[in-house]
Amino acid sequence: MQLSLNSNRLHVAGASAKPIVLPISANLASRGKQVITNVATPSKNPTSKLAKRSRVEIIKEQSDYLRHPLMEELVNENTFITEDSVQLMKFHGSYQQDHREKRTFGKGKAYMFMMRTRQPAGLVTNRLYLTMDELADKFGNGTLRLTTRQAYQLHGVLKHDLKTVFSSVVQNMGSTLGACGDVNRNVMGASPPLVNRPDYQYCMKYANDIADLLTPQSGAYYDIWLDGEKFVSFQKENPKVTKDRAYNGFGTNFENSPEPLYGAQFLPRKFKVAVTVPGDNSVDIYTNDLGVIVICDDKGELQGFNLTVGGGLGRTHRDNDTFPRLADHIGYVDKDDIFHAVKAVLAAQRDYGRRDNRRQARLKYLIHEWGIDKFKSVVEQYMGKKFQEFKPLPKWEYKDYMGWGEQGDGNLYYGVYVQNGRIKGEGKKALRAVIEKFGIPVTLTPHQSIILRNIEPAWKEEVIAMLAKGGIKDINEWDTIDRLSMACPAMPLCGLAVTEAERGLPDVNVRIRNMLKTVGLPDESLVVRMTGCPNGCARPYLAEIGFVGDGPNSYQLWLGGSSNQTRLATTYQERLKLKDFENVLEPMFLAWREHRQADERFGDFVSRIGFNELKKLAPSRVVPEAPKKKPAPKKPAAAAKK
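Residues numbered from 1 in each chain as written. Predicted model: local features only at pLDDT ≥ 70, side-chain atom pairs only at ≥ 80, totals over all residues. Heavy atoms only, no water.

Caption draft 1: Broad picture of the overall build of the chain. If you tally the helices and strands in the chain, you get 18 helices and 24 strands. Considering the chain as a whole, with its 642 residues, one finds that 58% of them fall into the buried category. Here the contacts in the chain between residues at least 6 apart in sequence split such that 69% fall between residues at least 24 apart. As displayed, the chain has an accessible area near 27,400 Å², and 51% of this comes from carbon and sulfur atoms. (Helix = DSSP H or I, 4+ residues; strand = E, 2+ residues; numbered from the N terminus. Buried < 20%, exposed > 50% of the residue type's maximum accessible area, 1.4 Å probe, protein only. Contact = heavy atoms within 4.5 Å. Areas by Shrake-Rupley, 256 points an atom, 1.4 Å probe, with all protein chains shown as cover.)

What follows is the structure, given as structure tokens:
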């Protein structure tokens, strides 16, 4: 039996329990056919055994809704904050980091902070883009990092500059609230600037609405960064979001709490949401805790949403109780019920997710333990309605909208590929010049690139010339392996990284292209992803070839993901040294050429034949290192004299 505690009630996950169902009241008739007053009734008094909680749970509970001791430590003379404040700082959108390559003898760690923004569907106003660009130069390391969840990361901010940076973002139409921490993270959304596609317009709208619905409400964010002044957003919250957030007919909310959805302890771990349209898997929909798929009728009118639950990729090396998992289909809801359904999924994770072991606290582990049917039943109780049948969908495709395209309103868009998401140097200057001169907004993509929007056709040639001057290449000038690849920042700033990713992948891609040329496949493309640790920020477990850092210049090798990101890869080799990549991969590429089916991609080929057959067809050429000989034991001095 597993116990999990939240701030006002204790649930016993897995205990025999029956909900108490009361007759429906008149004012709730439109919301469902039953009223659940107790989602889980323990089989024995839960106070007889208090739930074990991790230290982070205690820190959250005692923080006064994320205020203390962070408020006090931000204004002291130290260059760093303590571990308790580090945990709280995440909720505000920042991680404390140590630049390992700037440590100096006698002074210890080189502390600085990474700030991450909240950008639902990756939509960025012209004003915010220019602000972020300027902040990077004045207070960061001079670069902007585009994330795999359609947000910005600003690296290299010093502690005494944090308040200036955070307040500048908020006052220029941005936010960092909930970009990290045990809350809903940035809501991804498939968001190509196609104004003649109603489904995509709904996708962007609901990504923003769900982000608003699940935003922390206590006001601590504004107390710390704006001295208590709640800045008026440039975009008012949808009144239905406000109404549905406050609704508590089925136990989703904490009554009279500053945090109606999160309570004093917030969630057990992070919660990730993505919104897309049928067929467009640019957001890697099945890797999210909650996936929301827009369903329209033949006329483009919104009908409702398919929902998926339980995706997530983070894991720990050599801990088989942690693993990547793709989401399950849970059902369909009508459009009027979407916010209630989102709250219900979040409440189930909040109340039943593990709080004793953070490695086991994500929603995917709860669903893995319970099964989708039991989880669905509990969510339906929080929602007050049953899910409808999941609607049929077309085949998923990967779409990136790079290069030039028509928006459908007479204007153009231009997708600019940004290698591993790092905007820097002359390219950064060129992008700013174009965005500033023409006053255009942008979209940050799920694959770390950027789309320039609302470009008038008369500007096209000048835009091309300005970008080319800064060394920005058109998408057709990039290798397709680069175009499809992703890497996390890793070294030297990420405290979890054990090897290179962002700085290492470009050279690895060149080596892979050369291998393909060697075996007679010069034009093939591959989905290659690399991370510096097993947490999976660049989603390597979906790649055809995934490199997952496990030590200096060493990676786990994952193979067999699909090009449309609907199949997980599997560990092929526990440790592969960077210097040995050719000796392992090149024989595989040769086997692929010789034994593939017509137009079969590498990931599909590996998945079809299996690892045992692949090892027969493509034996590794790595020469095992000879075991080091142990030195002979020295003879005792007395024996030596004899």
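What follows continues from the structure just given.
Caption draft 2: Representation of the nonpolar core. Counting 127 residues, the largest nonpolar core has Tyr-129, Leu-307, Phe-375, Leu-452 and Leu-467 as the members making the most contacts within it. Per-element accounting of this core gives the leading share, 10 residues, to helix H9 (residues 338-352). Among the domains, domain 1 (57-383) and domain 2 (403-467) are the pair contributing at least three residues each to this core. Not counting residues within four places of it along the chain, the set of residues in contact with Tyr-129 comprises Val-124, Tyr-152, Ile-423, Leu-431, Arg-432, Ile-435, Val-442 and Ile-450. Core analysis: the next-biggest nonpolar cluster, separate from the first, contains 37 residues, Ile-481, Ala-487, Leu-521 and Phe-581 among them. (Core = buried A, V, L, I, M, F, W, Y, C linked by side-chain atoms within 4.5 Å. Domains from an automatic or database assignment.)

Caption draft 3: Representation of helix H11 (residues 372-383) within the structure. With 12 residues, H11 ought to run about 16 Å at 1.5 Å a step, and its terminal C-alpha atoms sit 16 Å apart, in line with that. Of the residues making up H11, those classed as buried are Phe-375, Val-378, Val-379, Glu-380, Gln-381, Tyr-382 and Met-383. Phi turns positive, to about 80°, at Gly-384, one or two residues after H11. (Expected span 1.5 Å × (residues − 1).)

Caption draft 4: Layout of the sheet that holds strand E9 (residues 152-157). A sheet is described by the order of its strands in space; here 5 strands give the open sequence E5-E6-E9-E8-E17, paired in antiparallel fashion. Since the sheet does not close on itself, it has two edges, and those belong to strand E5 (94-98) and strand E17 (422-423), each with one partner. Taken together, the 5 bridges between E5 and strand E6 (residues 111-116) define a ladder with antiparallel strand orientation. Bridged to Gln-97 within E6 is Met-112. Packed on one face of the sheet, helix H5 (residues 162-171) meets E5, E6 and E9 and runs near 10° to E6. (Pairing = 2+ DSSP bridges. Axes fitted to C-alpha atoms, helices over the stretch in contact; angles between N-to-C directions.)

Caption draft 5: View of the packing of aromatic side chains. Evaluation of the coordinates by the stated rule reveals 26 aromatic pairs. The ring of Tyr-206 has Lys-205 lying over it, and the distance from NZ or CZ to the ring centre is 5.3 Å. We note Lys-391 situated over the ring of Tyr-332; from NZ or CZ to the ring centre the distance is 4.6 Å. (Phe/Tyr/Trp six-rings, centres within 6.5 Å; stacked < 30°, edge-to-face > 60°. Lys NZ or Arg CZ within 6 Å of the ring centre and 35° of its normal.)

Caption draft 6: Geometry of the pattern of salt bridges. Under the counting rule described, the total for this entry stands at 47 salt bridges. A salt bridge links Arg-567 to Asp-604; the shortest N-O distance between them is 2.8 Å. One end of the pair, Arg-567, is in the loop between strand E23 (554-559) and strand E24 (570-577); the other, Asp-604, is in helix H17 (residues 602-617), and 37 residues separate them in sequence. Relative accessible area serves as the criterion here: at 28%, Asp-604 is assigned to the partly exposed category. Through salt bridges with shared partners, a single ionic network connects Glu-57, Lys-60, Asp-182, Arg-355 and Arg-358. (Salt bridge = Lys/Arg side-chain N within 4 Å of Asp/Glu carboxyl O.)

Caption draft 7: Representation of the sheet that holds strand E16 (residues 412-416) within the structure. With antiparallel pairing, 5 strands are arranged side by side in an open sheet as E7-E18-E19-E16-E15. Edge positions in the sheet fall to strand E7 (123-124) and strand E15 (403-406), since each of these pairs with one other strand and no more. With 2 bridges connecting them, E7 and strand E18 (residues 442-444) associate as antiparallel partners. Residue pairing for E18: Leu-123 is matched across the bridge by Thr-443.

Caption draft 8: Summary view of the environment of Thr-518. With respect to the helices, strands and loops of the structure, Thr-518 is situated in helix H15 (residues 505-518). On the basis of relative accessibility, which here comes to 55%, the residue Thr-518 falls in the exposed class. Placed 71 residues apart in sequence, Thr-518 and Phe-589 show a C-alpha to C-alpha distance of 9.4 Å. Looking at Thr-518, its side chain comes within polar contact range of the main-chain oxygen of Asn-514, at 2.8 Å. (Polar contact = N/O pair within 3.5 Å; in protein donor to acceptor, adjacent residues only side chain to side chain.)

Caption draft 9: Examining the pairing of strand E12 (residues 290-296) more closely. Among the 7 residues that make up E12, 6 are buried, leaving the element largely enclosed by the rest of the structure. Bridge count for E12 against strand E13 (residues 302-309) is 7 bridges, and the pairing is antiparallel. Each residue of the ladder has a partner; that of Ile-293, found in E13, is Asn-306. Hairpin remark: E12 followed by E13, antiparallel, with 5 residues in the connecting loop; positive phi at Gly-300, about 85°.

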